[in-house]
Amino acid sequence: MALKNPVYLDLETLLAQAEYNGVQVPVQTDIVEKTVKQRSGNAKLGYGALGAGGSSGSEVEFQTSYAMTPTQKATVSKIIDGLVRAEVVSTAAETKALVKDELFELEGTARITAASLAGKLFNLLFQYLKESDRDIIGVDFAEIAPDIKQLMQKVYLGNELVPIPLLVELENAGLEQKVFINLRPSFFIESASLDRIEGDMRVLGTIRNLVAGGNEGYLSSEEWLLHGWEYLVKRMMMANLNKQVESLTSALKLDLPADDVHAWIKGPAIVIDAIAIY
């Protein structure tokens with residue numbers, strides 16, 4: 001199997017999955033090497049075999065010790081391959097009912113959802129309001145837009161990762177349901193890896209939510225839209241989400257149609273907590 005090159009990795013959860021499913025984890029190996037060399041000697045005078053210029057020698061043992069530590073890429077690759085061989089990883093090719101907390105590996109084309117793009121804007125607004133004395137009820141986005149734009153430069157031009165979870169849709173994943181991937185902010189391999197999340201990806205993770213179809217099949221997307229906001233403020237903003245997004249994007253002159261930002265994930269769909277993306 002090929003060596004994996006993860007751009008996102010929750011190593012602690014991956015190791016826990018390996019331990020739980022009895023998959024061997026590569027560990028540091030302490031190696032001791034011993035070599036023996038013959039040390040020769042000469043004797044000009046003596047008796048028996050040592051007489052008349054005979055020679056004798058002794059053996060000298062040399063010992064060298066060092067440690068071989070497995071690289072993270074190799075460790076991750078071997079664990080994932082071991083989980084697959086242990087048949088504890090489900091794939092889209094299997095025809096069986098999906099189960100919550102099931103370990104899944106899926107391939108598809110990843111794209112960051114409009115909900116997460118709006119979530120980044122709301123996070124900038126949240127950071128700004130925390131440091132100001134403005135009333136959050138009825139805030140005028142047009143009035144504070146210049147201040148928020150300064151924060152936007154750091155996030156968008158500096159490619160900073162904001163401390164919020166991201167919601168990524170995995171298209172063409174081979175399931176009847178829509179597939180969404182939850183990415184926590186602290187598990188990107190490099191700070192610049194966010195721009196490597198979109199495109200053809202393979203994802204290993206566990207099923208977090210199963211969203212049924214029909215009239216009852218909805219899951220709130222407020223965790224990705226308004227992460228960190230106070231409960232009652234969330235209720236107020238979610239009640240008029242499209243209007244809030246339209247006001248904020250209009251004030252900042254951004255091309256993010258409010259109609260693309262949804263307060264709900266409509267089923268049938270699944271949400272997967274990512275463990276590794278590679």
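Residues numbered from 1 in each chain as written. Predicted model: local features only at pLDDT ≥ 70, side-chain atom pairs only at ≥ 80, totals over all residues. Heavy atoms only, no water.

Enquirer: How should unusual backbone geometry be read in this particular structure?
Expert: Note on backbone geometry: most residues besides glycine have negative phi, and most peptide bonds are trans. For the bond from Gly267 to Pro268, the omega torsion is 0°, close enough to zero to count as cis. With respect to the helices and strands, Pro268 occurs in the loop between strand 9 (264-266) and strand 10 (269-277). Phi at Asp101 is positive, roughly 70°, even though this residue is not glycine. Structurally, Asp101 can be placed in the loop between helix 2 (72-85) and strand 4 (103-112). The phi dihedral of Asn172 falls on the positive side, at around 55°, and the residue is not glycine. (Helix = DSSP H or I, 4+ residues; strand = E, 2+ residues; numbered from the N terminus.)

Enquirer: I'm lost on the pattern of salt bridges in this one. Help?
Expert: Here the idea is simple: oppositely charged side chains can pair when their charged atoms come close. Applying the stated criterion to the full structure yields 11 salt bridges. Lys96 serves as the salt-bridge partner of Glu102, at 3.2 Å between the closest nitrogen and oxygen. Here Arg208 and Glu223 are joined by a salt bridge, their closest N and O atoms 2.3 Å apart. In this pair, Arg208 is assigned in strand 7 (residues 199-211) and Glu223 in helix 5 (residues 222-225), connecting sequence segments 15 residues apart. Each of Glu94, Lys96 and Glu102 takes part in salt bridges that share partners, so that together they form one network. (Salt bridge = Lys/Arg side-chain N within 4 Å of Asp/Glu carboxyl O.)

Enquirer: Would you explain the packing of helix 1 (residues 11-20) against helix 2 in this entry?
Expert: The relative placement of two packed helices is expressed as an angle between their axes plus a distance between the axes. Close contact between helix 1 and helix 2 brings their axes to 10 Å; oriented N to C, the two are set at 40°. Of the possible angle classes, the one that applies to helix 1 and helix 2 is oblique. The hand of the helix 1/helix 2 crossing is left-handed. Packed against helix 1, whose contacting residues are Leu11, Leu14, Leu15, Gln17 and Ala18, the element helix 2 presents Gln72, Val76, Ile79, Ile80 and Leu83 at the interface. (Axes fitted to C-alpha atoms, helices over the stretch in contact; angles between N-to-C directions. Parallel < 35°, antiparallel > 145°, perpendicular 65-115°, else oblique. Left-handed = near helix turned anticlockwise from the far one by under 90°. Contact = heavy atoms within 4.5 Å.)

Enquirer: Any chance you could explain the side chain of Gln17 here in plain terms?
Expert: Secondary-structure assignment places Gln17 in helix 1. For Gln17, a relative accessible area of 17% translates into the label buried. In this structure Gln17 touches Leu83, Leu103, Thr206 and Ile275, once residues within four positions along its chain are discounted. (Buried < 20%, exposed > 50% of the residue type's maximum accessible area, 1.4 Å probe, protein only.)

Enquirer: Explanation requested: the nonpolar core in the structure shown.
Expert: The nonpolar side chains of soluble globular proteins are, as a tendency, buried together. Core analysis: the biggest nonpolar cluster contains 24 residues, and Phe122, Ile148, Leu225 and Trp229 have the highest contact counts within it. Of all elements in the fold, only helix 3 (114-130), helix 4 (141-157), helix 6 (231-239) and helix 7 (241-252) reach the threshold of two or more residues within this core. With 10 residues, the top contributor of residues to this core is helix 3. Look past the residues within four positions of Leu225 in its chain and what remains in contact with it is Ala115, Ala118, Gly119, Phe122, Met238, Leu241, Val261, His262 and Ala263. With 23 residues, the next largest nonpolar core counts Ala110, Leu166, Val179 and Phe188 among its residues. (Core = buried A, V, L, I, M, F, W, Y, C linked by side-chain atoms within 4.5 Å.)

Enquirer: How should the side chain of Asn209 be read in this particular structure?
Expert: Within the secondary structure layout, Asn209 lies in strand 7. Within the structure, the side chain of Asn209 is placed 3.2 Å from the side chain of Arg208, a separation counted as a polar contact. Beyond its immediate sequence surroundings of up to four residues, Asn209 is in contact with Leu219, Ala269, Ile270 and Val271. (Polar contact = N/O pair within 3.5 Å; in protein donor to acceptor, adjacent residues only side chain to side chain.)

Enquirer: Can you walk me through the environment of Lys4 in this structure?
Expert: Looking at the secondary structure, you find Lys4 in the segment before strand 1 (8-9). Between the C-alpha atom of Lys4 and that of Gln72, which follows or precedes it by 68 residues, the distance is 9.9 Å. In contact with Lys4, other than residues within four places in its own chain, are Lys73, Ser77, Ile80, Asp81 and Tyr278. Looking at Lys4, its side chain comes within polar contact range of the side chain of Asp81, at 2.5 Å.

Enquirer: Sorry, what's going on with the confidence of the model for the protein chain here?
Expert: Keep in mind that low pLDDT regions are not for reading the predicted coordinates in detail. Summing up the model confidence of the protein chain, the mean pLDDT is 79 and the portion of residues at 70 or higher is 72%. Confidence scores differ between elements of the protein chain, with strand 3 (residues 55-68) showing the lowest mean pLDDT of 57 and strand 10 the highest of 96. (pLDDT = per-residue confidence, 0-100.)

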